[in-house]
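What follows is the residue order along each chain.
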Amino acid sequence: MSKSNIWARKPVEAFEEDMRQSGLKRVLGKWGLTAIGIGAIIGAGIFVMSGVGAKEYAGPALALSFVAAGIGCTFAALCYAEFASFLPVEGSAYAYSYATMGELFAWIIGWDLILEYAMGASAVAVGWSGYLSKFLLLFHIKLPLWLMNDSFSAQSLLREAATSADKMKTMLSHYSDISLPSIMGHPFAINLPAFLIIWVITMILVKGIKEAASANAFMVVLKLVVVLFIIIVGANYVDTANWHPFIPERTMITNPGESMPHGAYGLMGILGGAGYIFFAYIGFDTVSTQAGEAKNPQKDVPFGILTSLVVCTILYILVSLVLTGMINYKDIDITAPIAAAFGAKGLGFAVLIISIAAIAGLTSVLIVMLLGQSRVFFAMAKDGLLPKGVFGTLHTKFHTPYKASLLTGLVVSIVSAFTPISVIAELVNIGTLLAFVLVCGAVWLMRIKEPDRPRPFRTPCLPVVATLGILSNLAIMCGLEAINWIRLVVWLLIGFIVYFTYGRFHSKLNNPGL
């Protein structure tokens, strides 16, 4: 193979042929796609990431972090919508890059999407476990510390509890046992609920997209009602003193599972908070991975992308203001922030409602994240960049890429069981931001290369939107700590090794005889 072949572009006609032969069932309408988007977006951002974003990054200015993240997402969403309208295939940004910038860039973005969806699901599973713990406590059911947390987080909680009698009392009230067993002299802990929920969702996805979409739609309605409840009821308990100073002075703090402190608060803290909570927005681009199962993808996918983003951004900003107004940002519970804030006000009934909605909401996020991951694997395997026998095989009865789903479930369950949520989320976010930057550039490039191709949805003022999308997402990336850049580089280097030892030699585009 010549070196230049790594830059070969996959023709749009080839994608259209893939659509006709995909074997996936087209069962999703525009509202089903919108529900998938909302299902992914509303969950982690409101019920989990808001706690860490306020306590360890932005303080009360978390609302501004959501504004910054929402702006970057809006530009990217407009670009995603145009791509999805004229290239409505599973694979999302991977497919878009393949059609515009060539195979190597497609591989980079596909490898990046693996990081985005799989690790995103891991972080959400950890948050799901935190809310399950709050829910069980309402019925006086307590589990051991070592079964509800990874080892890093468990040890961090113990260190924090040792600093005051009140914190130790709270710790003892939350767990039946706070001692950690030892394996070969090392403390052991596992987030068992996070591990198990991933496997429950995986089994649902193996059975079929229709079943997954129905379950997701029910949970989306439930959590939308409860989010409105949080905003309306919580507003009555807001103490504006908790908003002062709205932008706290810059300082250094340390996350669980990390040995080095990071900068928090101030203007850079707002950008850092935007970078941290950014993964809460990845639901809108997950809609584009379902194009292969949409009834009218050219029109319905753009509708689902933009509608889900607008609705969720507004709700995010309102909930973040309520959260930081109800409780001082330094006292926020990072595992279940909303429920804990209402609990601190003595609103036990609200804690029950919020916990049920959070569990349902985070479950729907898991469905969409794992669904998107398996479809990206499926798209890459069809092109020969990953082994088709593992990632591109459909179940004979359910017509789902079941092997990809099972492998994804295995990896995600292990990561969620043993890794702190802050580490996982930061890894996801920088990958998501990179994907958005590349899509903004790719849609502009495609408009130049193939200006006459029909586009049911056209991004308005594309040069301006694409430029602002690239710059705003790069700015948020710059707000992340250096360790996140190092992790991204390491992940991409691993990806290059896989591509240059397997993908380039099995690519259908460059090896048509295979």
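Check the entry above for the structure.
Quantities reported herein were computed from a predicted structural model and do not represent experimental measurements.

1. Looking at the overall build of the protein chain
Thinking step 1. The number of helices and strands found in the protein chain is 20 helices and four strands.
Thinking step 2. Within the protein chain, buried positions represent 59% of all 514 residues.
Thinking step 3. Counting only contacts in the protein chain whose residues sit at least 6 apart along the sequence, the fraction spanning at least 24 positions is 83%.
Thinking step 4. Summing over all exposed atoms, the protein chain offers an accessible surface of approximately 18,900 Å²; the carbon and sulfur share of this is 70%.

2. A look at the pattern of salt bridges
Opposite charge on two side chains permits them to pair, given that their charged atoms come into close proximity.
Thinking step 1. All chains considered together, the criterion is met by six salt bridges.
Thinking step 2. Note that glutamate 82 is salt-bridged to arginine 447, the shortest N-O span being 2.6 Å. Of this pair, glutamate 82 sits in helix 4 (residues 62-86) while arginine 447 sits in helix 18 (residues 421-449), and the two are 365 residues apart along the sequence. Grouping residues by exposure puts glutamate 82 and arginine 447 together as buried.
Thinking step 3. The network of salt bridges with shared partners includes Arg9, Glu450 and Arg453.

3. Describing the side chain of arginine 447
Thinking step 1. With a relative accessible area of 17%, arginine 447 lands in the buried category.
Thinking step 2. At a separation of 2.6 Å, a polar atom in the side chain of arginine 447 contacts the side chain of glutamate 82.
Thinking step 3. From its side chain, arginine 447 meets the backbone oxygen of threonine 459 in a polar contact 3.3 Å long.
Thinking step 4. Setting aside residues up to four positions removed in sequence, arginine 447 forms contacts with Glu82, Arg455, Arg458, Thr459 and Leu462.

4. Quick word on the packing of aromatic side chains
Thinking step 1. One pass over the full model with this rule turns up 15 aromatic pairs.
Thinking step 2. When the centroid spacing of 6.0 Å and the interplanar angle of 45° are considered together, the rings of tryptophan 7 and phenylalanine 105 count as tilted. Taken together, the residues span a long stretch of sequence, with tryptophan 7 in the segment before helix 1 (12-21) and phenylalanine 105 in helix 6 (residues 103-137) at a distance of 98 residues.
Thinking step 3. With relative accessibility at 43%, the residue tryptophan 7 sits in the partly exposed group.
Thinking step 4. An angle of 20° between the planes, with centres 5.5 Å apart, marks the rings of tryptophan 107 and tryptophan 111 as stacked. Of this pair, tryptophan 107 and tryptophan 111 are both found in helix 6, four residues apart, which corresponds to roughly one turn of the helix.
Thinking step 5. Pairwise contacts between aromatic rings join Trp107, Trp111, Trp491, Phe496, Tyr499 and Phe500 into one cluster.

5. Details of unusual backbone geometry
Thinking step 1. The omega torsion across histidine 244 and proline 245 is -5°, close enough to zero to call that bond cis.
Thinking step 2. Within the element layout of this structure, proline 245 appears in the loop between helix 10 (209-234) and strand 3 (251-253).
Thinking step 3. Its identity is not glycine, yet histidine 140 carries a phi of approximately 60°, on the positive side.
Thinking step 4. Along the chain, histidine 140 falls in the loop between helix 6 and helix 7 (151-161).
Thinking step 5. A positive phi angle, close to 55°, is found at methionine 184, a residue other than glycine.
Thinking step 6. Classification of methionine 184 as exposed rests on a relative accessible area of 80%.

What counts, and where the lines are drawn
Residues numbered from 1 in each chain as written. Predicted model: local features only at pLDDT ≥ 70, side-chain atom pairs only at ≥ 80, totals over all residues. Heavy atoms only, no water. Helix = DSSP H or I, 4+ residues; strand = E, 2+ residues; numbered from the N terminus. Buried < 20%, exposed > 50% of the residue type's maximum accessible area, 1.4 Å probe, protein only. Contact = heavy atoms within 4.5 Å. Areas by Shrake-Rupley, 256 points an atom, 1.4 Å probe, with all protein chains shown as cover. Salt bridge = Lys/Arg side-chain N within 4 Å of Asp/Glu carboxyl O. Polar contact = N/O pair within 3.5 Å; in protein donor to acceptor, adjacent residues only side chain to side chain. Phe/Tyr/Trp six-rings, centres within 6.5 Å; stacked < 30°, edge-to-face > 60°.

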